[in-house]
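So you can see what is in the structure, the chains are spelled out below.
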Amino acid sequence: MQRDIKTTTKTGSRTRTGIRQVLVPKTVTQNVGDRVISIAFVPFIRSRTVSFTATRMKPNTRVYPYFDNEVVTAYVTPSGGSLAGNLVTDANGAVSGSFAIPDPKDSTKPRWRTGERVFRLTSSSTNDLTSAPDTAANAEYIARGIIETVQNTIISTRTAGIEFRATNETENVTQTSTTRGAARQVGYHDPLAQTFMIDDAGGVFLTSIDICFSSKDANVPVTLQVRDTVNGYPGQSILPFSETTLNPDAVSTSTDGSTATTFTFESPVYVQENTEYALVLMANTTDYNVYVARLGQTALDTNRTISQQPYTGVFFKSQNGVTWTADQNEDIKFKIKRAEFENVTGTVTLTNKTLDSRTLKTNPLRTKNASKEITVFHPNHGMHGTSNNVTISGLASGSYNGLAHTDINGTYTSIKDITLDSYVITSGSSSNATSTGDVGGAAVVASQNRTFDVLNLSGIQTMTLPETSLDMSIRPTTGKSVHGSESEFSLTADSNKVAVVGKDNIYFTAPQMVASEINETNEMSGQKSFFNIITLNTTNTKLTPVLDTQRMSAFTITNRLNNPSSTNTPDFVANTASTGTSTAAVYCTKAIVLETASTSLDIRLTSNVRSSSSVKVFFRIIGSEDDTTIDKVSWTPFNSDGTEDTTVTPAEDDTTFNEYQYSVGSLKDFTTFQLKIELTGSISSYPPKIKDMRAIALAI
């Protein structure tokens, strides 16, 4: 390499360094068609165990896990290690493990809101973001209700990530000097790229790429990526699942380019027809060399002169992975392999996972003096029939109002006195409780069902391509309204499975359920209680619809609707009582103060009321001379039975609304009034609906 004398500009400088976030080479998502983006149904990220693997980090270095800038060492388990153990990269700079996201309902542990959160491994024990650490790796964890993103260049089921990059900016102040330059080799991270294009109709799914190496590093791994191109140059967006890293022991070399190293993708990678992509090779070393074909030179394996351009793509070199230089006379030696799908129809059957039990509030068990009966306060438990089974656990050793913990912890094969948020079990103790009171502590756990009146399967991430289609059907299990007469635990037969559209809300005419494990065992002979059958079809054996098995969830919605009475509800509170009510769905206005005293009320409601439901309207009033506050006054129905003034015509569907009038006159003079609307029903799938409420106080 030639040496020469150079005149250079050398200066004093002002430098700033730090860390910035940029949108990056991770994965970019598109679903075919325009859809609503990111509708979250829950505020906090649910408890899940997430596996992670990081490569190309500094070898033999301890790293610390952070989630949304909060240290999470206590919840991370290194591969082959124990919970909260040290994370140390191996000799190739790789590290892996699992992160158990805590239950957001546990107030003693951290929780994170849904959205995009960064999981970071860094050699900085304090996660210092003001300077570059020795090594760091980042991945984005996305928790959303519905993920449907449209992007016009890459089609996949995954979304883009955020990467932290070191930033260094220098402002120079000129000072001239002359130096003799020594020969040197520049570049620690010099990627290579080769563009390619697929002309198969509709595109194909890539399964692997073969590359021929002439040399390799002894310790540092090498990575292959498939990226998009921008104006014919390699871009920054990495196709989902297309990044593959091999350690040196998996890389084969040869002296004549006859031995190939296969980079197999984690999942088939879809590339579009007549769209240019780039395969990119990168390593943190210059010891990897690959074979290329150069125009005018002799092929090593045939002694044939390369007389024309070996491939229509373009070979690129770069020193920083951003700025690329094209070489028009060379091409990397590579082989791309695609998938061939043997069947034109395939079926995937998904079932519910075992439902998690719920940790109840502190002291959720109420004993009754001289009785074995225990009331369990368990919100939205979904067990509305007496034949339900429930498992209670978590009570610490000891006696609870005379009942031993061993007589309370256990499985109960029936329950009674059921409300939406409680039920009664009978202790197996040989003796009765010695007093009435709330006991149990803060660790009581109970199994539960998950009932639903509306189902949405948008959490199952899918992708369809030209000449492919995807059909869904479901087999749910019947549930029961808390004051209904439905039969529970009947699984829909396969011959009667219900065809559904995955992105739409699915409304049922009666409640359905996902049963707890103990109910599936005892009431359903051990079979699962929810089946989702997905049929994948294609008329092109090079293409298939896609189901992302890492992103599958169902959204279930239940209506809190009951029809309470003194005979079916324990501790019943009448709807005329001044405080409290046993009705689950109540709308209550604030107290309305009038400038002029009135003697009558006229209320108009536009309602949709099915035959199994009802709307009851109440009022209470006080005058200026009354020596009480309105919250101490009992409620009065507009009619003696609390029903509408006019006959209600039951709606035959969920969209027909009628206007109803509620009026009362000849009242004592009042200056303050308040209204209450109670919505009741015996079938939770048919809740009454109201809109356009108008209230007028009149002096007649």
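Rules behind the numbers
Residues numbered from 1 in each chain as written. Predicted model: local features only at pLDDT ≥ 70, side-chain atom pairs only at ≥ 80, totals over all residues. Heavy atoms only, no water. Salt bridge = Lys/Arg side-chain N within 4 Å of Asp/Glu carboxyl O. Helix = DSSP H or I, 4+ residues; strand = E, 2+ residues; numbered from the N terminus. Pairing = 2+ DSSP bridges. Buried < 20%, exposed > 50% of the residue type's maximum accessible area, 1.4 Å probe, protein only. Patch = residues over 30% accessible without salt bridge, like charges linked within 9 Å, V, L, I, M, F, W, Y side chains within 5 Å. Areas by Shrake-Rupley, 256 points an atom, 1.4 Å probe, with all protein chains shown as cover.

Caption draft 1: Representation of the pattern of salt bridges in the model. The tally for this structure, following the rule as stated, stands at 20 salt bridges. D200 is the salt-bridge partner of K542, the closest N and O atoms lying 2.4 Å from each other. Of this pair, K542 sits in the loop between β45 (531–538) and β46 (546–547) while D200 is found in the loop between β13 (192–197) and β14 (204–211), placing the two residues 342 residues apart along the sequence. One connected set of salt bridges, linked through shared partners, spans R294, K317, D327 and E330.

Caption draft 2: A look at the sheet that holds strand β38 (residues 445–446). As summarised here, the arrangement of the 4 strands in space is β28-β38-β31-β34, forming an open sheet in which the pairing is antiparallel. Across the chains shown, the open sheet's two edge strands, defined by having one partner strand only, are β28 (358–359) and β34 (410–412). Across 2 bridges, β28 lies against β38 in antiparallel orientation. Bridge assignment links T359 to a residue of β38, and that residue is V445.

Caption draft 3: Region of interest: unusual backbone geometry. Positive phi is not limited to glycine here, since N69 has a value of about 65°. Relative to the helices and strands, N69 is located in the loop between β4 (62–67) and β5 (70–71). Overall, the relative accessible area of 51% leaves N69 in the exposed class. At E467, a position not held by glycine, the phi torsion is positive, near 70°. Looking at the element boundaries, E467 is found in the loop between β40 (462–463) and β41 (468–475).

Caption draft 4: Fine view of a nonpolar patch on the surface. A contiguous nonpolar patch, built from I696, L698 and I700 and spanning about 300 Å² of accessible area, is present on the exposed surface. Structurally, the position occupied by I700 is in the segment after β55 (689–698). By relative accessible area, I700 is classed as exposed at 75%.

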